[in-house]
Amino acid sequence: MTAIITGDIINSEHYKGSKWIKDLKAHLSQIGKHPTDWEIYRGDEFQLRLPPAQALQTAVHIKALIKSVKGLDVRMGIGIGTETFTGERVSESNGTAHQRSGRTFEALKKQKLNLAIATENEVYDKTMNLLLKLALNFMDDWSQVSAEIVALSLEMPEASQQQVSKQLNIQQSAVSQRQKRARLDLVLELLDYYTQTLKQLHT
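Described in the following lines is the structure provided in the data block. (Residues numbered from 1 in each chain as written. Predicted model: local features only at pLDDT ≥ 70, side-chain atom pairs only at ≥ 80, totals over all residues. Heavy atoms only, no water.)

**Side note on the packing of aromatic side chains**
Within this structure, the stated rule accounts for zero aromatic pairs. If you follow R183 out to its NZ or CZ, it ends over the ring of F138, 5.9 Å from the centre. (Phe/Tyr/Trp six-rings, centres within 6.5 Å; stacked < 30°, edge-to-face > 60°. Lys NZ or Arg CZ within 6 Å of the ring centre and 35° of its normal.)

Listed below in structure tokens is the structure:
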């Protein structure tokens, strides 16, 4: 099984690519190799192959990175399934994971949603996508500082609030306030639920 994330940057036409592309490339490079595992194409679209267990956390992390730039957001469709053909570029590969990711991504534009998932299990998809819709109610509204604190918390999961405060050069109390505003506790619960239930799907 593999996971494919297909996405595009919302409002990118109003910003220079350098504002977000450097951070996105750096993050994708930590996950896999270019262009077999990830690509950025047509200016503001991207595709990424990764293990299913990492897919939702990576999508949330990408959202936090992009929303750290004021006015930007990201739309992503996650597809989980097989890969029956592996090309030299991830966009040339094929299989149910690629097909589900592409279809889910295209459907998001019509639904005016920014994140959804598709697996072979419709019941699981219905539950996960309802949870994602509820989470998007606050994730879509993350401010720059909220997005920044989420991205840093996902990059440094073992870090204390004191370590995060040093990294951002702010008071420890401000870290706590920003994490609460970003609903980081709910984000982490959602990611944990995803990984636990995904294991049950494939056992």
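**Topic: the packing of helix α4 (residues 122-139) against helix α8 (residues 184-201)**
Look at α4 against α8: their axes get within 11 Å of each other, and the N-to-C directions meet at 170°. It follows from the interaxial angle that α4 and α8 lie roughly antiparallel. Of the residues in α8, those touching α4 at Y124, T127, M128, L131, L132, A135, F138 and M139 are L186, V187, L190, Y193, Y194, T197, L198 and L201. Among the residues forming the contact of α4 with α8, the class breakdown is 14 nonpolar, two polar and no charged. (Axes fitted to C-alpha atoms, helices over the stretch in contact; angles between N-to-C directions. Helix = DSSP H or I, 4+ residues; strand = E, 2+ residues; numbered from the N terminus. Parallel < 35°, antiparallel > 145°, perpendicular 65-115°, else oblique. Contact = heavy atoms within 4.5 Å. Nonpolar A, V, L, I, M, F, W, Y, C, P; charged D, E, K, R; others polar.)

**Observations concerning the pattern of salt bridges**
Enumeration according to the criterion identifies 10 salt bridges in this entry. A salt bridge links R49 to E83; the nearest nitrogen and oxygen atoms lie 2.9 Å apart. Of this pair, R49 sits in strand β3 (residues 45-50) while E83 sits in the loop between β4 (73-81) and α3 (96-111); the two residues are 34 residues apart in sequence, bridging distant segments of the chain. The closest approach of N and O atoms between E148 and R178, which form a salt bridge, is 4.0 Å. Here R178 lies in helix α7 (residues 172-181) and E148 lies in helix α5 (residues 144-155), a separation of 30 residues in the sequence. Classification of E148 by relative accessible area gives partly exposed; the value is 34%. It is possible to trace a salt-bridge network through shared partners that takes in K63, K67, D73 and D140. (Salt bridge = Lys/Arg side-chain N within 4 Å of Asp/Glu carboxyl O. Buried < 20%, exposed > 50% of the residue type's maximum accessible area, 1.4 Å probe, protein only.)

**Section: the sheet that holds strand β2 (residues 38-41)**
Pairing is mixed in the open sheet, where five strands are placed in the order β2-β3-β1-β4-β5. Every interior strand has two partners, whereas the edge strands, β2 and β5 (115-118), have only one. Averaged over all pairs of adjacent strands, the angle between their axes in this sheet comes to 10°, without regard to strand direction. Note that strand β1 (residues 2-10) and β4 share nine bridges and pair antiparallel. The residue bridging D8 from the neighbouring strand is R75, located in β4. (Pairing = 2+ DSSP bridges.)

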